[in-house]
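Inside the fold
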Amino acid sequence: MNKIIVTIDGWSSCGKSTLARGLAKELGYVYIDSGAMYRAVTLYFLRSHLDWSDAQAVADHLKDISLSFHQNEHTGQSEMFLNGENVEYVIRDLVVAEKVSEVAALGPVRTFAVAQQRQMGEKKGIVMDGRDIGTVVFPHAELKFFMTADNAVRVERRFKELYTKNPNISIEEVKNNLEMRDYIDSHRDISPLRQAEDAVVLDNSNMTMDEQLQFAMDLVRQRLKLQIQ
Ligand code: DC
């Protein structure tokens, strides 16, 4: 059967990765968390104490970065590797979250990440989530989602996720970080977060994970039918 590309863009902590993972599993497709790539680049820059306002230094450092995804044998989930090191856990830290929007706004960083993302989609059969996947990375994707949810719901979700790792974290910190990232992500000059004209909007504030997966799967089946006709 023909394979398609499914893109999922939207605000931070809307459950994009949960839906993307679920769809990829149902379809036997590859799931790519594009945000993890920007987080891994940010981690590398932070560890190198790089001043990323220096364009030449950014270009030089990008040459030393190799990103790859590998499947965890135990969980079956794909994890982010930076120069051969598994960084899946550490890139979720608030220290990285606080800087990632700044790094993701840099032109050379986006060019670096987008080229690799397009390569991953060459054979289709991919579900990728992020901010510019349906608008810039795969503008001709067969199915695009734009996800959103109430702010309070999003803060609560992210807080629960981070609290398990760091019980000292406050809900205020999480809220401020989400608001700051959403602002930077949607106001930057290059590839800001936008809803693609042909994207299906999915507000999951009052939906269970299963309901959103079924909603999305119905649309995938429709698109796949169109592919065969
Ligand atoms: O999805 P996430 O929260 O892990 O993304 C981390 C950051 O990277 C977020 O601030 C937005 C940015 N990002 C981006 O600019 N473009 C993407 N395709 C994915 C993420």
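Everything below is about the structure printed above this text.
Anyway, here's the lowdown on the structure attached to this text.

Scoring rules and cut-offs
- Residues numbered from 1 in each chain as written.
- Predicted model: local features only at pLDDT ≥ 70, side-chain atom pairs only at ≥ 80, totals over all residues.
- Heavy atoms only, no water.
- Buried < 20%, exposed > 50% of the residue type's maximum accessible area, 1.4 Å probe, protein only.
- Helix = DSSP H or I, 4+ residues; strand = E, 2+ residues; numbered from the N terminus.
- Pairing = 2+ DSSP bridges.
- Near = heavy atom within 4 Å.
- Polar contact = N/O pair within 3.5 Å; in protein donor to acceptor, adjacent residues only side chain to side chain.
- Areas by Shrake-Rupley, 256 points an atom, 1.4 Å probe, with all protein chains shown as cover.
- Expected span 1.5 Å × (residues − 1).
- Arc of directions from axis to C-beta.
- Contact = heavy atoms within 4.5 Å.
- Phe/Tyr/Trp six-rings, centres within 6.5 Å; stacked < 30°, edge-to-face > 60°.
- Lys NZ or Arg CZ within 6 Å of the ring centre and 35° of its normal.

**Considering the pairing of strand β6 (residues 126-130)**
- By the criterion of burial, β6 is predominantly enclosed, with 5 of the 5 residues buried.
- Neither face of β6 is left uncovered, since the one carrying I126, M128 and G130 and the one carrying V127 and D129 both have all their residues buried.
- Where strand β1 (residues 5-10) lies against β6, 5 bridges are found, and the strand directions are parallel. If you follow D9 over to β6, its bridge partner there is G130.
- Here 4 bridges tie strand β2 (residues 30-33) to β6, and the two strands are oriented parallel to one another. Looking at the pairing, V30 lines up with I126 of β6.

**Focus on the site of the ligand**
- In the vicinity of the ligand there are 16 residues, among which R39, S101, D132, R181 and R188 approach most closely.
- The separation between a nitrogen atom of the ligand and a polar side-chain atom of S34 is 3.0 Å.
- Expressed as a share of its isolated accessible area of 440 Å², the protein-covered part of the ligand is 95%.
- Elements with a contribution of two residues or more to the shell around the ligand: α2 (34-47), α4 (94-104) and α8 (171-187).

**Notes on helix α7 (residues 151-163)**
- Look at α7: 18 Å from first C-alpha to last across 13 residues, which is about the 18 Å you get at 1.5 Å a residue.
- Where α7 is concerned, the buried positions are R154, V155, R158, F159 and L162. Take α7 and look down its axis: the buried residues cluster within an arc of 130°, on one side only. Exposed side of α7, more than 90 degrees from the buried face: A152 and K160 are the residues found there.
- On its buried side, α7 packs onto α2, α4 and α8.

**Some words on the environment of L219**
- Relative to the assigned elements, L219 resides in helix α9 (residues 209-228).
- In this structure, the C-alpha to C-alpha distance between L219 and K99, residues 120 residues apart in sequence, is 35 Å.
- Ignoring sequence-local partners within four residues, the contact set of L219 consists of L143, F145 and V200.

**Let's talk about the packing of aromatic side chains**
- Applying the stated rule across the entire model yields 2 aromatic pairs.
- Across from the ring centre of Y89, 4.6 Å away, lies the NZ or CZ of K165, which sits over that ring.

**Looking at the pairing of strand β8 (residues 200-203)**
- Side chains of β8 alternate between two faces, with V200 and L202 buried and V201 and D203 left unburied.
- Pairing geometry for strand β7 (residues 143-148) and β8, over 4 bridges, is parallel. Bridge pairing in β8 places F145 opposite V200.

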